[in-house]
Amino acid sequence: MSSTNIYSLTRDHQHSAIENTAQSAWQIEYKNAISNLETLCDELELDINDLPVDRSRYQTFPLRVPHSYVKRMQKSNPTDPLLLQVLPNQLEQQEIAGFIKDPVGDLRSVKSSGLLQKYHGRALLITSSCCAIHCRYCFRRHFPYSEQNPRKDSWIQAIEELKNDKSINEIILSGGDPLTLSDQKLEELVKKLETIQHITTLRVHTRLPVVIPNRINSSLLAWIKNTRLKLVMVLHINHAQEINHELQNKLNLLVELNCMLLNQSVLLRTINADTKSLENLSKKLLNANIMPYYLHLLDKVAGAAHFDVPENEARLLMRKVAKRLPGYLVPKLVKEIPGETSKRTIDFQAPNIPVIN
């Protein structure tokens, strides 16, 4: 596997991928994201010498976090759950058996450049190598984006592949983050997909509106309003603290256009692996018109082992959560196993699992 990926690109290269002649508010926020540890520490009134940071990992997998997200972090708190998601930790240099560069088997699922199919009826299109935030547990932190770039031929190869496979009715836009593309480019891609009659649903997996709420702007809403495809937006929110009034107000604009909003989280040690955090997250999601969808066990990507929660511990935790919430607010506990035809749902109500009070 090539070592070239999003995180080895220069900052200027990433900025050039945001294509628009007149930059909008979200693009300016994206461009001005914090990429320096000292700057982040200054913003949060923290002493960098008191943090377990690893400057070598900071170079190979750079820090990147927008100011709007940093404003939701607690100042002077080195264990803030939002901070821990982006802070390069010295534990990342540990080599742990079973934690690998391609933990979900992406490269075994390639149909054509950037077009992946793991499950029946659905295909995933890698639309961008860029992200607005670099989450330290990212399962694609080692992904060879330079080799899997469907945009190099304006998606022609991927579109032809989709036209010829009538079993596919849903397209998932992923990345990186698909919403780092300009709305002009997104609309261009969506129009190409709309010409394929057997495609009826468009699913967008994104974290960008969560970290930069201004990404939900008039031009985004315009192409969403005009598409014939049923739109499902799957957000990535791990902690209730990530949801503020600004985000809620922006998401309401999507709801008004009948866009279905779902959330998938990752179960992360030190961040949300406790009953109170998961309960609060589900309640906050409901208030923001987002339905809890999946709670993923960590994909075992190299460098993220310190976030891992063992499966049996996760089952016990979710049994407690289920006792405190109505069923529709309890996300499915799942894990991805390369080669399987769907995500594996974990039965946390199995009677042979003891509950530790």
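Residues numbered from 1 in each chain as written. Predicted model: local features only at pLDDT ≥ 70, side-chain atom pairs only at ≥ 80, totals over all residues. Heavy atoms only, no water.

Colleague: Looking at this structure, I do not really get the pattern of salt bridges. What am I missing?
Modeller: Evaluation of the coordinates by the stated rule reveals 14 salt bridges. Here Glu313 and Arg269 are joined by a salt bridge, their closest N and O atoms 3.0 Å apart. With Glu313 in helix α13 (residues 311-322) and Arg269 in the loop between β7 (260-266) and α12 (275-287), the pair connects residues that are 44 residues apart, well separated along the chain. Exposure remark for Arg269: the relative accessible area of 28% places this residue in the partly exposed category. (Salt bridge = Lys/Arg side-chain N within 4 Å of Asp/Glu carboxyl O. Helix = DSSP H or I, 4+ residues; strand = E, 2+ residues; numbered from the N terminus. Buried < 20%, exposed > 50% of the residue type's maximum accessible area, 1.4 Å probe, protein only.)

Colleague: Would you mind showing me how to read the pairing of strand β3 (residues 122-126) here?
Modeller: Working note: regular strand, side chains alternate between the two faces of the sheet. Buried residues dominate β3, accounting for four of its five residues. One ladder, built from two bridges, connects strand β2 (residues 115-116) with β3; its direction is antiparallel. Following the sheet pairing, Leu116 is matched in β3 by Leu124. Strand direction decides the pairing type here: β3 and strand β4 (residues 170-174), joined by five bridges, are parallel. Across the sheet, the residue bridging to Leu125 is Leu173, located in β4. (Pairing = 2+ DSSP bridges.)

Colleague: Honestly, empty space enclosed by the protein in this entry has me stumped. Any pointers?
Modeller: If you walk through the whole model with that rule in mind, you get two cavities of 30 Å³ or more. Forming the boundary of the largest cavity are 13 residues, of which Ser265, Leu281, Ser282, Leu295 and Pro331 lie nearest the centre. If you list the elements that add at least two residues to the lining of the largest cavity, you get β7, α12, β8 (291-296) and α13. Tallied by class, the residues present in the lining of the largest cavity amount to ten nonpolar, three polar and no charged. (1 Å grid on protein atoms, 1.4 Å probe; cavity = no way out; pocket = protein on both sides within 12 Å on 5 of 7 lines; lining within 4 Å. Points joined across faces, edges and corners; volume = space filled by probe spheres on them. Nonpolar A, V, L, I, M, F, W, Y, C, P; charged D, E, K, R; others polar.)

Colleague: Help me understand helix α11 (residues 245-255) in this model?
Modeller: Side chains three or four residues apart in an α-helix point the same way, a direct result of the helix having 3.6 residues per turn. Of the residues making up α11, those classed as buried are Leu247, Gln248, Leu251 and Leu254. For α11, the angular spread of the buried residues around the axis is 105°, confining them to a single face. Across α11 from its buried face, at more than 90 degrees, point the exposed residues His245 and Asn249. (Arc of directions from axis to C-beta.)

Colleague: Is there a simple way to explain unusual backbone geometry in this structure?
Modeller: Most peptide bonds take the trans form, and the phi angle of most residues other than glycine is negative. Residue Gly175 is joined to Gly176 through a cis peptide bond whose omega torsion reads 25°. Mapped onto the elements, Gly176 comes out in the loop between β4 and α8 (183-194).

Colleague: Help me understand a nonpolar patch on the surface, please; the structure alone is not making it clear to me.
Modeller: Residues Leu286, Met291 and Tyr328 make up a contiguous nonpolar surface patch of about 280 Å² in total accessible area. Its place among the elements puts Met291 in strand β8. (Patch = residues over 30% accessible without salt bridge, like charges linked within 9 Å, V, L, I, M, F, W, Y side chains within 5 Å. Areas by Shrake-Rupley, 256 points an atom, 1.4 Å probe, with all protein chains shown as cover.)

None of the figures reported here should be taken as evidence of function without further support.
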